[in-house]
Amino acid sequence: LTPERIEVIKTEVEHLRRLVGDMTTLTQAESGSLDIQLQPLNPVVLMEHIQRIYHPIVKQKGVDLTLKAGDEDAWINADEGRLVQVLKNLMDNALRYTSSGGTITLSVEKGDFVRLLVSDSGEGIDAEDLPYVFDRFYRVEKSRTGSSGKMGLGLAICKALIHAQGGVISVESPGKGGGTSFVISFRPLEAKLLTS
């Protein structure tokens, strides 16, 4: 039992702990037993928060992070903690697959739905993989799996958490080298509900 072997064991135990935690969150979200605290949220303020958190990280990697938010009056009914969890997961994915010199864009758009977008100029996803990226344990071929040993639960958790809040999450990519956009859609919160 050498120090090196102890480190390997500790790493594997931590990996298994995270995996069990992820599976528990996913199961609770899919069964409707996860505690969800819905409240009026301004997604522009939320995206500004994400931009501040990731600014030093993207700067260190040489990636440009921008925020496009046209309508600051766009409000949604969501669980702030769970939505931040999803956005961080999407940002981590974008950073993993965007090389130095690339861009990540956070956007908020308001129409029939309020859309929160995390878009990157990274490696992109092939058309045949797009329908499956939210499936648990699905791993896109090597170009989007990285070497982190992830088990393919992150996006499944994102989908379950967004659905638990009454939203929808989707993914768009023109294919290899074309970047990827994850889109979270919520029904806009009516102004009269905000003042009541």
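First, a word on scope: everything that follows refers to the structure included in this document.

Quick notes on the rules
Residues numbered from 1 in each chain as written. Predicted model: local features only at pLDDT ≥ 70, side-chain atom pairs only at ≥ 80, totals over all residues. Heavy atoms only, no water. Helix = DSSP H or I, 4+ residues; strand = E, 2+ residues; numbered from the N terminus. Contact = heavy atoms within 4.5 Å. Axes fitted to C-alpha atoms, helices over the stretch in contact; angles between N-to-C directions. Parallel < 35°, antiparallel > 145°, perpendicular 65-115°, else oblique. Left-handed = near helix turned anticlockwise from the far one by under 90°. Nonpolar A, V, L, I, M, F, W, Y, C, P; charged D, E, K, R; others polar. Buried < 20%, exposed > 50% of the residue type's maximum accessible area, 1.4 Å probe, protein only. Pairing = 2+ DSSP bridges. Core = buried A, V, L, I, M, F, W, Y, C linked by side-chain atoms within 4.5 Å. Lys, Arg positive; Asp, Glu negative; His and termini not counted. Salt bridge = Lys/Arg side-chain N within 4 Å of Asp/Glu carboxyl O. Polar contact = N/O pair within 3.5 Å; in protein donor to acceptor, adjacent residues only side chain to side chain.

### What to know about the overall build of the protein chain
Next up, step 1: Tallying secondary structure elements over the protein chain gives 6 helices and 7 strands in all.
Next up, step 2: Pairs at least 24 residues apart make up 73% of the contacts formed inside the protein chain by residues separated by at least 6 positions.

### Quick look at the packing of helix α2 (residues 43-61) against helix α3 (residues 80-97)
Next up, step 1: The interhelical angle for the contact between α2 and α3, taken along N-to-C directions, is 25 degrees, at an axis separation of 11 Å. Taken together, the axes of α2 and α3 are roughly parallel relative to one another. Along this stretch, α2 crosses α3, giving a crossing that reads as right-handed. Contact with α2, carried on its side by Leu46, Met47, Ile50, Ile53, Tyr54, Ile57, Val58 and Lys61, involves Glu80, Leu83, Val84, Leu87, Lys88, Met91, Asp92, Leu95 and Arg96 of α3 and no other residues of that element.
Next up, step 2: Broken down by class, the residue content of the contact of α2 with α3 amounts to 12 nonpolar, no polar and 5 charged.

### With respect to the pairing of strand β7 (residues 180-186)
Two faces, one strand: in a regular strand the side chains alternate between the faces of the sheet.
Next up, step 1: Along β7, 7 of the 7 residues are buried, which leaves the element largely enclosed by surrounding structure.
Next up, step 2: Burial of β7 is two-sided: the residues Thr180, Phe182, Ile184 and Phe186 facing one way and the residues Ser181, Val183 and Ser185 facing the other way are all buried.
Next up, step 3: Pairing of strand β5 (residues 114-120) with β7, which is carried by 7 bridges, proceeds in the antiparallel orientation. Bridge pairing in β7 links Val118 to Phe182.
Next up, step 4: Across 5 bridges, the pairing between strand β6 (residues 168-172) and β7 is antiparallel. Pairing of Ser170 across the sheet is with Val183, part of β7.

### Here we look at the sheet that holds β5
Next up, step 1: Strand order in the open sheet made by the 5 strands is β2-β4-β5-β7-β6, with mixed pairing throughout. Each end of this open sheet is capped by a strand with a single partner; those strands are β2 (64-69) and β6. Taken pair by pair, the neighbouring strands of this sheet meet at an average axis angle of 15 degrees, ignoring direction.
Next up, step 2: The pairing of β2 with strand β4 (residues 103-110) spans 6 bridges and is classified as parallel. When the bridges of β4 are listed, Asp64 appears paired with Thr103.
Next up, step 3: Those strands touched by α2 are β2, β4 and β5, and its axis lies near 170 degrees from that of β2.

### Details of the nonpolar core
Next up, step 1: Counting 46 residues, the largest nonpolar core has Leu83, Leu87, Leu90, Met91, Leu116 and Ile184 as the members making the most contacts within it.
Next up, step 2: Residues within four places of Leu116 in sequence aside, it is in contact with Pro43, Met47, Ile76, Leu83, Leu87, Ser107, Phe182, Val183, Ile184 and Phe186.

### Digging into the side chain of Asp79
Next up, step 1: Looking at where Asp79 falls in the secondary structure, it is placed in the loop between β3 (76-78) and α3.
Next up, step 2: Look at Asp79: it is buried, it has no salt bridge, and the nearest opposite charge is Arg82 at 4.7 Å.
Next up, step 3: Engagement of the side chain of Asp79 in a polar contact is seen with the backbone nitrogen of Gln37, the distance being 2.7 Å.
Next up, step 4: Dropping the residues within four chain positions of it, Asp79 is found in contact with Asp35, Ile36, Gln37, Leu38, Leu41 and Gln165.

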